[in-house]
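# Close look at the chain arrangement
Here are the chains, one letter per residue:
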Protein chains: 2
Amino acid sequence: MAPPAAPPYDYERDPSAIYRQSFSIVRSEAALGALPDAMQAVAIRLIHSCGMVDILDDLTWSENVVERAGAAFSNGATVLADVEMVANGIIKRLLPRNNAVVCTLNENDVPELAKRLGTTRSAAAVEHWLEHLDGAIVAVGNAPTALFHLLEEVAKGAPKPAVILGFPVGFVGAAESKQALIENPFGIPFLTIRGRRGGSAMAAAAVNALAAGLPEDTA
Amino acid sequence: MAPPAAPPYDYERDPSAIYRQSFSIVRSEAALGALPDAMQAVAIRLIHSCGMVDILDDLTWSENVVERAGAAFSNGATVLADVEMVANGIIKRLLPRNNAVVCTLNENDVPELAKRLGTTRSAAAVEHWLEHLDGAIVAVGNAPTALFHLLEEVAKGAPKPAVILGFPVGFVGAAESKQALIENPFGIPFLTIRGRRGGSAMAAAAVNALAAGLPEDTA
């Protein structure tokens, strides 16, 4: 790292060069060779989103997730996000069919629905996913309760999403909800990160990677 | 961690209990005693946002940042965010003066401005901060170039923000831009995390903590 000084600073200003150098550093530091080909772009984009190469140790996925997500995007699948931050992190121009991105967390009746159901607003908002759920891309970047609630709805007969990208973060329920996803008995393809780490940026990066790979990678 | 099973799952559904347990785990695992009192709520909220207790090792701040940010919020300071994800993560009801939250990244002329200036869109968007900058709360959660550009603008005579919360993330320029913030010769109070980690969730958590502390902490 160059010693910082007062402005003007010496730093890379070209967006293409920034992407290229970032991906190059990730490739040089991460053990990507151990991954299936289809997962490499996904792993690079996830690592790029958080600055942590070692998330590779916790990354977990079902064998078919890249293929299933790709097919779903091509079919025009809706993307369901648990929070607006995930929806905002999705790069809309990368979605192949101008796929809708839906976040129901701030719908008017969600606070009251949460009270009635005795759960969080994030979980209650999942009730409004049902009409979009069949074949959808689900991206959870914040709330363990949303992921748990979704799996419970599927158990009760709700339509199955095409894939679930599970990145709840934090200390209460995050690791457990992702473990439940990994062990989901419904055969729903998934991509997730074991443990406490996760977040909206990773969930959005997963959507972007599965939709389009690494189009900025012009090296 | 309880062994996961098929639904229904056994998990905490009460939002207050989730916050309480989260903060309690953070307090039990993080060496908060080493922090000044004023920084403890900030550190708890930051750790809570990312699920990583060890960010404490990299957290760096100027002595006066909590006091200065508090005064700025009370004065009705505008919050300037580099990306929409940061703006979305700010809990508006926690802002004491219904403070405006502004993100200029998606203004129409930003792509063309970026080309003209030979920099990223994130950096070009900072040009539109100038009218709001005097006494503002700046929260950078994504782009090193935005943070560098802001410091360069101040060097050229732009008004000084009240505080800069610097959380750019990634492999190219993130560590360097945060080091430049730490060493800023303008006396601007700051809060930042050394190294590659950071992100929108942390930047938003910093804003929320400095605006309101831990109002969910009812333990």
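Residues numbered from 1 in each chain as written. Chains lettered and ligands numbered in written order. Predicted model: local features only at pLDDT ≥ 70, side-chain atom pairs only at ≥ 80, totals over all residues. Heavy atoms only, no water.

Under the annotation held in an unreviewed UniProt entry, chain A carries the name Precorrin-8X methylmutase and is attributed to Roseibium hamelinense. Quoted verbatim from the Pathway (unreviewed entry) field of UniProt, the annotation for chain A is "Cofactor biosynthesis; adenosylcobalamin biosynthesis." As its UniProt record puts it under Sequence similarities (unreviewed entry), chain A is described as follows: "Belongs to the CobH/CbiC family." (UniProt positions renumbered as here; feature names shortened; annotations may be inferred.)

### Re the sheet that holds strand E5 (residues 163-166) of chain B
Residues and elements named next belong to chain B. One open sheet holds the 6 strands; their spatial order is E1-E6-E5-E4-E2-E3, and the pairing between them is mixed. Looking at the sheet topology across the chains shown, the edges are occupied by strand E1 (59-61) and strand E3 (101-102). Where strand E2 (residues 79-81) lies against E3, 2 bridges are found, and the strand directions are parallel. If you follow valine 79 over to E3, its bridge partner there is valine 101. Contacting E1 and strand E6 (190-193), helix H2 (residues 37-50) runs over the sheet at an angle of about 145° to E1. Strand contacts of helix H7 (residues 144-155): strand E4 (137-140) and E5, with the helix running at about 160° to E5, the strand carrying the most contacts. (Pairing = 2+ DSSP bridges. Helix = DSSP H or I, 4+ residues; strand = E, 2+ residues; numbered from the N terminus. Contact = heavy atoms within 4.5 Å. Axes fitted to C-alpha atoms, helices over the stretch in contact; angles between N-to-C directions.)

### Some points on the pattern of salt bridges
The full count for this structure, using the stated rule, is 16 salt bridges over all chains. A salt bridge links B:Arg45 to B:Glu216; its shortest N-O distance comes to 2.6 Å. Placement of the pair is B:Arg45 in helix H2 and B:Glu216 in the segment after helix H9 (200-212), with a sequence separation of 171 residues. A salt bridge links B:Lys156 to B:Glu153; the nearest nitrogen and oxygen atoms lie 3.4 Å apart. What makes B:Lys156 exposed here is its relative accessible area of 66%. Through salt bridges with shared partners, a single ionic network connects A:Asp54, A:Asp58 and A:Arg197. (Salt bridge = Lys/Arg side-chain N within 4 Å of Asp/Glu carboxyl O. Buried < 20%, exposed > 50% of the residue type's maximum accessible area, 1.4 Å probe, protein only.)

### Description of helix H5 (residues 110-117) of chain A
All names here are of chain A. For H5, the complete set of buried residues consists of Val110, Leu113 and Ala114. The arc that holds the buried residues of H5, viewed along the axis, is 100°, so those residues lie on one side. Projecting away from the buried face of H5 at angles above 90 degrees are the exposed residues Lys115 and Arg116. The first or second residue beyond H5 is glycine 118, which carries a positive phi of 65°. (Arc of directions from axis to C-beta.)

### Looking at the interface of chain A and chain B
On the side of chain B, 51 residues touch chain A, which itself brings 51 residues to the contact. On the chain A side of the contact with chain B, A:Met85, A:Phe171 and A:Val172 bury the most area, a combined 17% of that side's loss. Notably, a salt bridge pairs A:Glu29 with B:Arg196, separated by 2.7 Å at the nearest N-O pair. Summed over the shared surface of chain A and chain B, the result is 10 residue pairs in polar contact (both at pLDDT 80 or more). For the side of chain A that touches chain B, the secondary-structure elements that each account for two or more residues are helix H1 (15-29), helix H2 (37-50), helix H4 (84-89), helix H7 (144-155), helix H8 (174-182) and helix H9 (200-212) of chain A. With 7 residues, H1(A) is the single largest residue contributor to the side of chain A that touches chain B. Across the side of chain A that touches chain B, the residue classes break down as 27 nonpolar, 15 polar and 9 charged. (Buried area = accessible area lost by both parts, 1.4 Å probe. Polar contact = N/O pair within 3.5 Å; in protein donor to acceptor, adjacent residues only side chain to side chain. Nonpolar A, V, L, I, M, F, W, Y, C, P; charged D, E, K, R; others polar.)

### Re unusual backbone geometry
Residue and element names in this part refer to chain A. In this chain, proline 7 is followed by proline 8 through a cis amide linkage whose omega measures -5°. Mapped onto the secondary structure, proline 8 falls in the segment before H1. One non-glycine residue, asparagine 98, lies in positive phi territory at about 50°. On the secondary structure map, asparagine 98 appears in the loop between H4 and strand E3 (101-102). Classification of asparagine 98 as exposed rests on a relative accessible area of 69%.

### What about the packing of H7(A) against H8(A)?
All names here are of chain A. Following both chains from N to C, one finds H7 and H8 inclined at 30°, their axes separated by 8 Å at the closest point. Relative to H8, H7 is oriented roughly parallel. Crossing of H7 over H8 shows left-handed handedness. Taking contact as the criterion, the partners of Pro144, Leu147, Phe148 and Leu151 in H7 are, on H8, Ala174, Glu176, Ser177, Lys178, Ala180 and Leu181. (Parallel < 35°, antiparallel > 145°, perpendicular 65-115°, else oblique. Left-handed = near helix turned anticlockwise from the far one by under 90°.)

### Things to note about the sheet that holds strand E4 (residues 137-140) of chain A
All names here are of chain A. The strand order across the open sheet formed by 6 strands is E1-E6-E5-E4-E2-E3, and the pairing between neighbours is mixed. The open sheet has two edge strands, strand E1 (59-61) and E3, and neither has a second partner. Strands in contact with H8 are E1, strand E5 (163-166) and strand E6 (190-193); relative to E6, the strand with the most contacts, it is inclined by about 150°.

### Digging into the packing of aromatic side chains
Counted under the stated rule, the structure contains 6 aromatic pairs over all chains. Judged by centre distance (5.2 Å) and plane angle (45°), the rings of A:Tyr9 and B:Phe148 are tilted. Residue A:Tyr9 is located in the segment before H1, and its partner B:Phe148 is located in helix H7; the two belong to separate chains. With relative accessibility at 7%, the residue A:Tyr9 sits in the buried group. By the ring-pair criterion, three or more aromatic residues cluster together here, those being A:Tyr9, A:Tyr11 and B:Phe148. If you follow A:Arg13 out to its NZ or CZ, it ends over the ring of A:Tyr11, 3.9 Å from the centre. (Phe/Tyr/Trp six-rings, centres within 6.5 Å; stacked < 30°, edge-to-face > 60°. Lys NZ or Arg CZ within 6 Å of the ring centre and 35° of its normal.)

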